[in-house]
Amino acid sequence: MTTPADSPDVEDALPTDTAPAGPPDADAPPAEAPPRKRRRTWLRVLAAVVSLALLAGAGVSWYLYKRLDGNIRTDTSTAHELMRVQAERPPVLPEATTAENILLLGSDNRGGGNGKYGQDSGTQRSDTAILLHLAADRKSATAVSLPRDLMVEIPSCRRADGSMTSPQFAQFNWAFEFGGAACTIRTVEKATGIRVDHHLVVDFNGFTKMVDAVGGVEVCVPHPVHDRDAHLDLAAGRQLLHGEQALGYVRARKGIGDGSDTQRMDRQQQFLASLVQKVDSTGVLLNPAALYPLLSAATSSLTADEGLDSLAELYELAQSLRKTPTDQVRFLTVPRRPYTADPNRDELVQPAAAELFTALREDGQVTVEQDTHAGSGSTRPGAGTSSATPAASPTPSGGAAGASSSYRGTTADSDVCGGSGD
């Protein structure tokens, strides 16, 4: 029989983890949370921070997007006017094709902050006009300059006050003065038979800002230039031009070469080729910090039709153009020569011009042979010559696209100075 003395100690029988609770020891350290619980807490905090950062970033991105999108002005009046004369226009391209023709216009408007470039007379003219053809497969793009002094048939157009002009044979840039972009588009379509799908109008201020946004554009200046009217003072050789200088360079006539509009178009083509090359080679499109200033400058200067009046539509166009190799972005001037009745005006050279228009209209191949004389200060072509001479016998291309022609001009990877530069 077991006696109390032989019984085990009661305290020894109690489990060590079930000791009676006593008053907490104030000096004892607080118990730590289990590791798994701590990880869950930190994950929640991290998720909250990331969510807030994403929301903030999305808010900033949305704000910047809406700001850029709101910069673009929509040209609704041109759309209404073109709808009124729909029956007179060339036929719309088949839905199956993705080829596009875009008319690029540089506005000679002296108002809206452009007064320092000349007196504001209340009217405007297209200082620059380029018909840009984008091949359906986007493997090539052809930009054709149309001389402002080219003598063409201008149809009856509606003025800003609602009155109508009379059809007349006059110099091309009068169309913009008569009836803005709508009259210019109709004039181009009448002369070429090519349907203009979209149009963009760029003003002077926007041009200078775009050049500054990419850090300037390098050009080759064959001879020293001193042109007070264009605010231009340049030494011969390679020059990096920024906004105001670049605008003076592409607009100058009196102080460069023979003062002809043809040579000015040559310079404009070379400058645009250099600008395309600069954007492509420096990766501007892939660098948000460099892309935003360029987009801001571009959108602030643009007036577009309803098919290109949003950032999304312009982005889609830019994305499709990324498929085009730089050496397949061609610049040329429509075949022209001094007008018989007035050597200070131009006229189309036929059948060369008609062959070019047919090739573009049918999405055919246009081959550009490097024009080594462009921008070199050569004299104005004489009678019987043209600034873009086609091959003697254009032959059909091997694809489904129609006619093929060869012309002198330049491409976006041309280097008119030769060598690589600095």
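Everything quoted here is computed from the prediction, not taken from an experiment. (Residues numbered from 1 in each chain as written. Predicted model: local features only at pLDDT ≥ 70, side-chain atom pairs only at ≥ 80, totals over all residues. Heavy atoms only, no water.)

Chemist: So what exactly am I meant to see when it comes to the overall build of the protein here?
Modeler: Counting secondary structure elements, the protein contains 10 helices and 17 strands. Counting across all 422 residues of the protein, residues that qualify as buried make up 43%. Expressed as a percentage of contacts within the protein between residues at least 6 apart in sequence, the contacts between residues at least 24 apart total 68%. (Helix = DSSP H or I, 4+ residues; strand = E, 2+ residues; numbered from the N terminus. Buried < 20%, exposed > 50% of the residue type's maximum accessible area, 1.4 Å probe, protein only. Contact = heavy atoms within 4.5 Å.)

Chemist: Mind showing me how you'd approach the packing of helix 5 (residues 204-213) against helix 6 (residues 243-251) here?
Modeler: For any two helices packed against each other, the geometry comes down to the angle between their axes and how far apart the axes lie. Contact geometry for helix 5 and helix 6: axes closest at 8 Å, N-to-C directions at 120°. With respect to helix 6, the axis of helix 5 lies oblique. The handedness of the crossing between helix 5 and helix 6 comes out as right-handed. Seen from helix 5, the contacting residues are Phe-204, Phe-207, Thr-208, Val-211 and Asp-212; seen from helix 6, they are Gly-243, Glu-244, Ala-246, Leu-247, Val-250 and Arg-251. (Axes fitted to C-alpha atoms, helices over the stretch in contact; angles between N-to-C directions. Parallel < 35°, antiparallel > 145°, perpendicular 65-115°, else oblique. Left-handed = near helix turned anticlockwise from the far one by under 90°.)

Chemist: I tried to follow the packing of aromatic side chains on my own but got confused; where do I start?
Modeler: Counted under the stated rule, the structure contains three aromatic pairs. Considering the side-chain rings of Trp-174 and Phe-178, the 6.1 Å spacing of their centres and the 70° angle between planes classify their relative orientation as edge-to-face. Of this pair, Trp-174 and Phe-178 both sit in helix 4 (residues 174-192), four residues apart, which is roughly one turn of that helix. When its relative accessible area of 30% is taken as the criterion, Trp-174 is described as partly exposed. On the basis of relative accessibility, which here comes to 17%, the residue Phe-178 falls in the buried class. The ring of Tyr-249 has Arg-267 sitting right over it, with the charged end atom 5.9 Å from the ring centre. (Phe/Tyr/Trp six-rings, centres within 6.5 Å; stacked < 30°, edge-to-face > 60°. Lys NZ or Arg CZ within 6 Å of the ring centre and 35° of its normal.)

Chemist: I keep staring at the packing of helix 5 against helix 8 (residues 288-300) and nothing clicks. Help me out?
Modeler: At their nearest, the axes of helix 5 and helix 8 sit 8 Å apart, and the two run at 170° to each other. Taken together, helix 5 and helix 8 sit at an angle that is classed as roughly antiparallel. Contacts from Gly-206, Lys-209, Met-210 and Ala-213 in helix 5 reach Ala-290, Pro-293, Leu-294, Ala-297 and Ala-298 in helix 8.

Chemist: Even after reading the chapter, I still don't get unusual backbone geometry, so can you show me in this structure?
Modeler: Most peptide bonds adopt trans geometry, and most residues besides glycine take a negative phi value. Each neighbour pair has its own omega, and for Gln-350 with Pro-351 the value is 5°, a cis peptide bond. Tracing the sequence through the fold places Pro-351 in the loop between strand 15 (342-348) and helix 10 (352-361). At Arg-138, a position not held by glycine, the phi torsion is positive, near 60°. For Arg-138, the location among the structural elements is in the loop between strand 3 (126-134) and strand 4 (141-145). Even without a glycine there, the phi angle at Asp-363 is positive, about 55°. Structurally, Asp-363 is set in the loop between helix 10 and strand 16 (365-370).

Chemist: Please clarify how the pairing of strand 15 should be interpreted in this entry.
Modeler: Residues in a regular strand point their side chains to alternate faces of the sheet. In the sheet, strand 14 (residues 336-339) pairs with strand 15 via four bridges, with the strands oriented antiparallel. If you follow Pro-338 over to strand 15, its bridge partner there is Asp-346. Hairpin geometry of strand 14 and strand 15 is characterised by an intervening segment of two residues between the two adjacent antiparallel strands. (Pairing = 2+ DSSP bridges.)

Chemist: Even after reading the chapter, I still don't get empty space enclosed by the protein, so can you show me in this structure?
Modeler: Any space left empty among the atoms is revealed by the rolling of a water-sized probe across them. For the coordinates displayed, the defined rule picks out three cavities of 30 Å³ or more. Empty space within the largest cavity amounts to approximately 70 Å³. Every residue lining the largest cavity is listed: Leu-146, Leu-150, Val-152, Phe-172, Thr-187, Val-188, Ala-191, Thr-192, Val-334, Leu-348 and Phe-357. Of the residues forming the lining of the largest cavity, the biggest block, four residues, is contributed by helix 4. Per-class residue counts for the lining of the largest cavity are nine nonpolar, two polar and no charged. (1 Å grid on protein atoms, 1.4 Å probe; cavity = no way out; pocket = protein on both sides within 12 Å on 5 of 7 lines; lining within 4 Å. Points joined across faces, edges and corners; volume = space filled by probe spheres on them. Nonpolar A, V, L, I, M, F, W, Y, C, P; charged D, E, K, R; others polar.)

Chemist: Help me out: how do you make sense of the state of the cysteines in this one?
Modeler: Covalent bonding between the sulfur atoms of two cysteines is what defines a disulfide. Within this structure, the stated rule accounts for one disulfide. Note on cysteine connectivity: Cys-157 is disulfide-linked to Cys-183, with sulfurs 2.1 Å apart. Residues Cys-157 and Cys-183 are joined by a disulfide whose S-S torsion is about 75°; by sign, that bridge is right-handed. Of this pair, Cys-157 sits in the loop between strand 5 (151-154) and strand 6 (168-171) while Cys-183 sits in helix 4; the two residues are 26 residues apart in sequence, bridging distant segments of the chain. Each of the two residues, Cys-157 as well as Cys-183, counts as buried. (Disulfide = S-S within 2.5 Å.)

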